[in-house]
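For reference, the chains in residue letters:
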Amino acid sequence: MTETRVRIAPSPSGNLHVGTARTALFNYLYAKKNNGKFILRIEDTDAERTSQEYIDNIFDSLKALGLNWDEGPDVGGEYGPYTQSERFDLYPKYAQILLEKGFAYECYCTPEELEAEKELATQNKQAYVYSKKCENLTDDDKAKLKAEGRLPAIRFSISKAQKAFHENNILAFDDMVKGNLQQDTDLIGDFVIMKSNGTPTYNFAVVIDDMLMKISHIIRGEDHISNTFKQILIYEALGAEVPRFGHLGMILAPDRSKLSKRHGATAVSEFVEKGYLTDALVNFVALLGWSPSDSEEIKTVDEIAQDFEISKISSSNSIFEYDKLNWMNGQYIKKMPVEELYDYILPFLKKYDISKYTKAQLLRLIEITREPLTILSEIEYDAQYFFEKPDLTEVQEILDTEVSKNVLSYVLDVINSWGFDSEEKIHDDLAQLREHFKAQGIKPKETMWALRSALTGRTRGADMAALVCLLGKDEIIERIKKVL
Ligand code: GLU
């Protein structure tokens, strides 16, 4: 295959998981690096678990992460439709080809009969492999079974394909991430490729789609390795070119168990709702397997793409360190242009009446409160005193001192001369305030504590000059009078 074509093929049985996001990202990076195409295909063969809500969530999440697909839903392309349920009429033809070539056969076993086979295997402490009971049925046998009202499924004959294309029962391939992988195919049961209701199973539909869409490289989680052996034999049986495969290690929680809801957010949209920036998320997710050739971990997707080598992806599992994600998110919050951050932050201030500030003031407010944030939702607490009268409980001790009372009374005396029209003027006014009390032996820090405590109910926080400017004279007078 000359052109590099990769794909992400999510099953819409849930919101886009960070694990799928990482697989999507590595495919996207591989395509970018190799001037290839990145394709999105929705694998909804399991109708019961599929919902439109999840499909929309997958689209929105991939777009939010900047993982825009070159071909697929909404975008189109030569090999669509890109939703399996819209492709159902394609698959029987290829099942028919396999039947004719002798690589597949009709299976009339009922669920009860199959259950009994499995039961027996369990009793004998053996791994279950289908008995091949139906592989050599004559036309007469089939006619009789049909007359009983049975509808056949179609099974793939592992042994026939293996014998036709390989010297012995070992099937091996060179994985782009994990190196040589092999499997004794005698241990793989003949599996159903078309169900009796005429719909394809995952392992069959995925091969037909990847073949028709000319997918050259399949990069996905290592939980698919056992499927890959089955799929390779189907390609071979159809006489199709086998793509290259690369299997990524799993993403584990900090306690090394499977990452799940009990550890925290797992879906991209959940992270966004909690206040993670998608740029930070995509950067963090890249580091689950990939590491930069220099020591700088904070990188844009374009920078990562330049540095990306699939052969350097770690073949082992990665740990999803929420703490590290928080740190990284904080870095992105600090460096994002404030006009851009504004749109991301606003939803987290919806509890407050923001209309008392102009947009320019809100931008300044964000600028002076973003420093300590690790996730955007923290702004609700950190910026509270700009919108609501402060709770003074925690600073009561400070406010009760003689020094504080003096400072606050003095502020009321001089505040009419303060230059509220500019931060620089307020800056100078505050310097004068400190000087005034320093002459009386009071530390500048104490003077500022008194004022900050009265205005915010806290001992630390945003830049004082900016804070004073934003609150404005009337509000400051009101807050100080309340304290005194
Ligand atoms: N629909 C499969 C999944 O979500 C895709 C597997 C594959 O990439 O082949 O796991």
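The following paragraphs examine the structure supplied in this document. The shown structure was predicted, so the numbers you read here are calculated from the model rather than taken from an experiment.

## Here's the deal with empty space enclosed by the protein
For the structure on display, the rule yields one cavity of 30 Å³ or more. Approximately 40 Å³ is the volume found for the largest cavity. The wall of the largest cavity is formed by Pro 390, Leu 392, Ala 454, Arg 479, Lys 482 and Val 483. Among the elements that take part in the lining of the largest cavity, helix H22 (residues 473-483) stands out by supplying three residues, more than any other. Tallied by class, residues from the lining of the largest cavity come to four nonpolar, no polar and two charged.

## A few points about the environment of Ile 398
Structurally, Ile 398 is set in helix H17 (residues 396-399). Since its relative accessible area comes to 22%, Ile 398 is described here as partly exposed. Ignoring sequence-local partners within four residues, the contact set of Ile 398 consists of Ser 404, Trp 449, Ala 450, Ser 453 and Thr 459.

## As for the nonpolar core
Ranked by size, the top nonpolar core spans 109 residues in total, and within it Phe 320, Phe 386, Trp 418 and Leu 451 carry the most contacts. Here this core takes nine residues from helix H1 (residues 18-33), the largest share from any one element. In this view, Trp 418 contacts Val 411, Ile 426, Asp 429, Leu 430, Leu 433, Leu 451 and Val 468; residues no more than four positions away in its chain are not counted.

## Digging into unusual backbone geometry
Residue Pro 81 follows Gly 80 across a cis peptide bond; omega there is -5°. Considering the arrangement of structural elements, one finds Pro 81 in the loop between helix H2 (52-64) and helix H3 (91-101). Although it is not a glycine, Lys 132 adopts a positive phi angle of roughly 65°. Positionally, Lys 132 belongs in the loop between helix H4 (111-123) and helix H5 (139-147). Look at Lys 132 and you get partly exposed, because its relative accessible area is 26%. The backbone of Lys 214 sits at a positive phi, close to 55°, despite the residue not being glycine. With respect to the secondary-structure elements, Lys 214 resides in the loop between helix H7 (202-212) and strand E8 (217-221).

## Describing the site of the ligand
In the vicinity of the ligand, the contacting residues are Arg 7, Ala 9, Pro 10, Ser 11, Glu 43, Tyr 202, Val 206, Arg 220 and His 224. Separating a nitrogen atom of the ligand from a side-chain N or O atom of Ser 11 is a distance of 2.8 Å. A distance of 2.7 Å separates an oxygen atom of the ligand from a polar side-chain atom of Arg 220. Protein chains shield 79% of the accessible area of the ligand, which is 290 Å² for the free molecule. In a pocket analysis with a 2 Å cut-off to the grid points, the ligand is assigned to the largest pocket.

## A word on the layout of surface pockets
Here the largest pocket is characterised by a volume of approximately 1,000 Å³. Taken together, 33 residues form the lining of the largest pocket, with His 17, Gly 19, Thr 20, Asp 223 and His 224 sitting closest to its centre. Those elements giving two or more residues to the lining of the largest pocket turn out to be strand E1 (5-8), H1, H7, E8 and strand E10 (251-252). At four residues, the largest contribution of residues to the lining of the largest pocket is made by H1. Partitioned by chemical class, the residues of the lining of the largest pocket number 13 nonpolar, 12 polar and eight charged. Empty space within the second largest pocket amounts to approximately 290 Å³.

## Looking at the packing of helix H10 (residues 278-286) against helix H12 (residues 322-335)
Between H10 and H12, the least distance of the axes is 9 Å, while the angle of their chain directions is 135°. On the basis of the axis angle, H10 is oblique to H12. Considering how the two elements wind past one another, H10 and H12 form a crossing that is right-handed. Between H10 and H12, the residues in contact are Asp 279, Ala 280, Leu 281, Asn 283 and Phe 284 and Lys 324, Leu 325, Met 328, Asn 329 and Tyr 332, respectively. Across the contact of H10 with H12, the residue classes tally to six nonpolar, two polar and two charged.

Rules used throughout
- Residues numbered from 1 in each chain as written.
- Predicted model: local features only at pLDDT ≥ 70, side-chain atom pairs only at ≥ 80, totals over all residues.
- Heavy atoms only, no water.
- 1 Å grid on protein atoms, 1.4 Å probe; cavity = no way out; pocket = protein on both sides within 12 Å on 5 of 7 lines; lining within 4 Å.
- Points joined across faces, edges and corners; volume = space filled by probe spheres on them.
- Helix = DSSP H or I, 4+ residues; strand = E, 2+ residues; numbered from the N terminus.
- Nonpolar A, V, L, I, M, F, W, Y, C, P; charged D, E, K, R; others polar.
- Buried < 20%, exposed > 50% of the residue type's maximum accessible area, 1.4 Å probe, protein only.
- Contact = heavy atoms within 4.5 Å.
- Core = buried A, V, L, I, M, F, W, Y, C linked by side-chain atoms within 4.5 Å.
- Near = heavy atom within 4 Å.
- Polar contact = N/O pair within 3.5 Å; in protein donor to acceptor, adjacent residues only side chain to side chain.
- Areas by Shrake-Rupley, 256 points an atom, 1.4 Å probe, with all protein chains shown as cover.
- Sits in = over half its atoms within 2 Å of the grid points.
- Axes fitted to C-alpha atoms, helices over the stretch in contact; angles between N-to-C directions.
- Parallel < 35°, antiparallel > 145°, perpendicular 65-115°, else oblique.
- Left-handed = near helix turned anticlockwise from the far one by under 90°.

So, to be careful, I would describe these as geometric facts and stop short of saying anything about function.
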